[in-house]
Amino acid sequence: MFNSLQDRLQNTFSALRGKGRLTEDDINSAMREIRMALLEADVNYKVVKEFVGRCKEQCMTADVLESLSPAQNVVRIVLDELTTLLGSTESKLTLAQNRIPNVIMLVGLQGSGKTTAAAKLAYLLKSQGKNPLLAACDVHRPAAADQLETLGSEIGVPVYRGDGKDAVAIASQAIQEAVDHLNDLVIVDTAGRLQIDEEMMEEAVAIKRAVKPDQILMVVDAMTGQDIVNVVSTFAERVDFDGVIMSKLDGDARGGGALSVREVTGKPIKFVSMGEKPDSLEVFHPDRMAKRILGMGDVISIVEKAQQAADEKQVEDAERMLREGFTMDDLLNQMNQIRKMGGLAKLIGALPGGDRMMAQQGGVDDSSMGKIEAIIHSMTKEERARPKIINGQRRRRISMGSGRSVQEVNQLIRQWGEMNKMMGKMKAMTQGGNAKKGRRAMESMMKNMGFGGGQMPRF
Amino acid sequence: MGFMDNLRRGLERSRETLSEIFYMGGEVTEDFWDDLEDTLVMGDMGAEVAMRVTDDLRERAARENLMRSDQLRRALVERLTAEFPVAERDPFTDTPSIVLFVGINGAGKTTTVGKIAGRAHANGVKTLIGGADTFRAAAIEQLQVWGERSGIEVVTKERGADPASVCFEVVETAEKQGTELVLIDTAGRLHTSSDLMRELAKVVSVTRKRAGDIPVSVVLVIDATTGQNGLNQAKEFNDALSLDGLIVTKLDGTAKGGIALAISNQLNLPIYRIGVGESIDDLQTFDARSFCEALVGEGVQ
């Protein structure tokens, strides 16, 4: 629903095209757009005011005003400023080297996602070779300890519950428990509390005093609005946390609160949490967050994901495909890779403007991939390698085996034919020769590969 | 500690800032309008709504020759009150009634169900709780604790069960027992996850079908600290489920809940209840006028 900042600025500047140089008024109108974009992203009002002021100063320099593409330049300045503000480097979790067990304590408002984050953090650190213990110190919300226990058993991390009454006692006992059971890390999950609830804030301080955590992390919901400033400044004052975990970033919230947190408390964002699964806690990257706040898509993350998914063997495969043509197994592989990267929807959503494209198309349906997979799995090895041999009888068998209709099988085979033709064109291109012809082939290929009408058969 | 006190305390910060503006020398200047707009934005009302409200008020001030800040304050209360649609029916008192609670993770659905059920039960209404959050770990246990506290039966199934089938059984049990008010808790989900939204649409349609003539209301629970993304949330939930109304929780913090105004106004959804504290009695019927008066610092003394 929101236009990205780039689009907004493009509109502003397109009205000015033909002007030799930009005036202060032009920059002002650009700054207005930036202000609105940041406010829509829930960046705190005061932070926005200062930020826009700083950006404006930079934009008023001559090389921006007189450059050929002022829109891009302004965006670049804003992005750089934003990245700097969010912290120029990744902020790692620092645990004391000579202390066993290390202690991490989580605090935050009700419903910000502490219990889930505790389990995710335990999972992450376990995969890095730690042997964590979870301490269930939320004695206020009904069944909070049950929730932690269930999550703990899912990821194979023990949970210490104590008597379920005295949060401070549970926390201290958990440390002893960890010593007794050779756990080298204790993650203390605490109850959600409002920053103005004196009694509860006192409890948090008492827990802190009792266990002296290496790190106190505050869990902040990415959807929090302007009030985040009041919340984090009080928490910073009372419990003095070391860093922030931003939760629920898998939604479409821009997470402008991250900027406010940084600006108001100076504390770094350490992790972002983006899903229901235990492995969805990621290290925070300021540059990507800056792009997200401005609605510019997260291209680097995609590339990284693609790099993770692709290994050397697949590079060989690509060469073989060019040489010998494209088999059904290759198609299957490709689909698996897309899935590894989080499904089509996640992939497209991370592209600039991708979320809007998806909204227009009414979302992307990953289920058609499952159907194609079923069909391919019902083929023999020979059929997969040389789909040309699939005759009417084989089609019927495949259709019965996969539970899809003969028409769907036909459609897949037709689709395979098209892809193979594309491969042929690509081959012609890579083998050089007529450059113009190559470009034309590339263009038609791009068209074929376009989402919506193309590659994936729609059932 | 009365409810109005709680609400006022919750809104104190915004009141203070607004009061500052309103008392500034009595006569209004250009700065007054800028500050007013800023304050509304700070309340999570959204830059767009804030601008519209300010412009309207400004126009009205010129038309009616309102020069002093106390006059403007009254006009602002009226203006803000007018932004809220009025509820035609209260699904929690006009029984028989079935209410489904939906919303994103951590909005406060389960707690709200527990509180409303406890209140209704204390008022002598035959109440039943349905636990259709079969996804989150220990959500069922949390609900059962609430049920035990006030002696209300909780109908649910094991974790991982189909939530639609839970609802079916809840309505069936309610019918058998002659229950007047049925409150069903659902699993929290982000509005961007289309599969889970479809699942919820199925839950709603199964419940509606099984309920027959008994009215089924779908209520979105929204956290007052939510920022502009709240509007996205509400829109998606409304598109998928056609909502009947809202409940705003956690207004006892310093959050002003301005997003509630934006949602209520843009999607034409009434606010049924607001949560201003931890205890059962702190979940109260929403009154637009007193909400706005408390926000602007007028009326309640």
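The rules behind the values
- Residues numbered from 1 in each chain as written.
- Chains lettered and ligands numbered in written order.
- Predicted model: local features only at pLDDT ≥ 70, side-chain atom pairs only at ≥ 80, totals over all residues.
- Helix = DSSP H or I, 4+ residues; strand = E, 2+ residues; numbered from the N terminus.
- Buried ≥ 20, exposed ≤ 12 C-beta atoms within 10 Å, placed from the backbone.
- Right-handed = clockwise from strand over helix to strand, strands pointing away.
- Pairing = 2+ DSSP bridges.
- Axes fitted to C-alpha atoms, helices over the stretch in contact; angles between N-to-C directions.
- Contact = placed C-beta atoms within 7 Å.
- Core = buried A, V, L, I, M, F, W, Y, C linked by C-beta atoms within 7 Å.
- pLDDT = per-residue confidence, 0-100.

Another point: unusual backbone geometry. Following A:Ile100, the chain continues to A:Pro101 via a peptide bond in cis, the omega torsion being -5°. On the secondary structure map, A:Pro101 appears in the loop between helix 5 (70-86) and strand 1 (102-108). Geometrically, the link from B:Thr95 to B:Pro96 is a cis peptide bond, its omega value of 0° lying close to zero. Here B:Pro96 shows up in the loop between helix 5 (69-81) and strand 1 (97-102). You will see that A:Asp240, though not glycine, has its phi angle at about 50°, which is positive. Relative to the helices and strands, A:Asp240 is located in the loop between helix 10 (228-238) and strand 6 (243-247). Phi angles above zero are rare outside glycine, and B:Asn268 is one such case at about 55°. The topology assignment puts B:Asn268 in the loop between helix 11 (258-266) and strand 7 (271-275). What makes B:Asn268 exposed here is the crowd of 10 C-beta atoms within 10 Å.

The next thing to look at is the pairing of strand 6 (residues 245-249) of chain B. Side-chain positions along a regular strand alternate between the two faces of the sheet. Residue and element names in this part refer to chain B. Within strand 6, five of the five residues are buried, which leaves the element mostly enclosed by the surrounding structure. Of the two faces of strand 6, the one carrying Gly245, Ile247 and Thr249 and the one carrying Leu246 and Val248 are both buried. Crossover connection from strand 5 (residues 216-223) via helix 10 (residues 229-241) to parallel strand 6: handedness right-handed. Two elements, strand 6 and strand 7, share three bridges in a ladder whose sense is parallel. The residue bridging Leu246 from the neighbouring strand is Ile271, located in strand 7. Crossover connection from strand 6 via helix 11 to parallel strand 7: handedness right-handed.

A word on the sheet that holds strand 1 of chain B. Residue and element names in this part refer to chain B. One open sheet accounts for eight strands, arranged 3-2-4-1-5-6-7-8; its pairing is mixed. Edge positions in the sheet fall to strand 3 (154-156) and strand 8 (283-285), since each of these pairs with one other strand and no more. Going from strand to strand, the sheet's axes swing by 25° on average, the running direction of each strand aside. Taken together, the three bridges between strand 2 (residues 127-132) and strand 3 define a ladder with parallel strand orientation. Bridge pairing in strand 3 places Gly130 opposite Val155.

With that settled, consider helix 11 of chain B. Residue and element names in this part refer to chain B. Most of helix 11 is tucked away: seven of the nine residues are buried. Buried within helix 11 we find Gly258, Ile259, Ala260, Leu261, Ala262, Ile263 and Ser264. Buried residues along helix 11 sit against helix 4 (47-64), helix 5, strand 5, helix 10, strand 6 and strand 7.

Judged by nonpolar contacts, the single largest core of 178 residues is most densely connected at A:Ala135, A:Val188 and B:Leu246. No other element matches the eight residues that helix 6 (residues 114-127) of chain A contributes to this core. Those residues in contact with B:Leu246 that sit more than four places away from it in its chain are B:Val219, B:Leu220, B:Ile222, B:Ala260, B:Ile263, B:Ser264, B:Leu269, B:Ile271 and B:Tyr272. Among the nonpolar cores identified, the runner-up in size contains twelve residues, and A:Phe326, A:Met379, A:Ile398 and A:Val409 belong to it.

This brings us to the confidence of the model for chain B. All names here are of chain B. Averaged over every residue, the pLDDT of chain B is 84; residues scoring 70 or more account for 88%. Summarising per-element confidence for chain B, the mean pLDDT is lowest in helix 2 (residues 12-22) (56) and highest in strand 1 (95). Predicted as a complex, the structure gets a pTM of 0.73 and an ipTM equal to 0.78.

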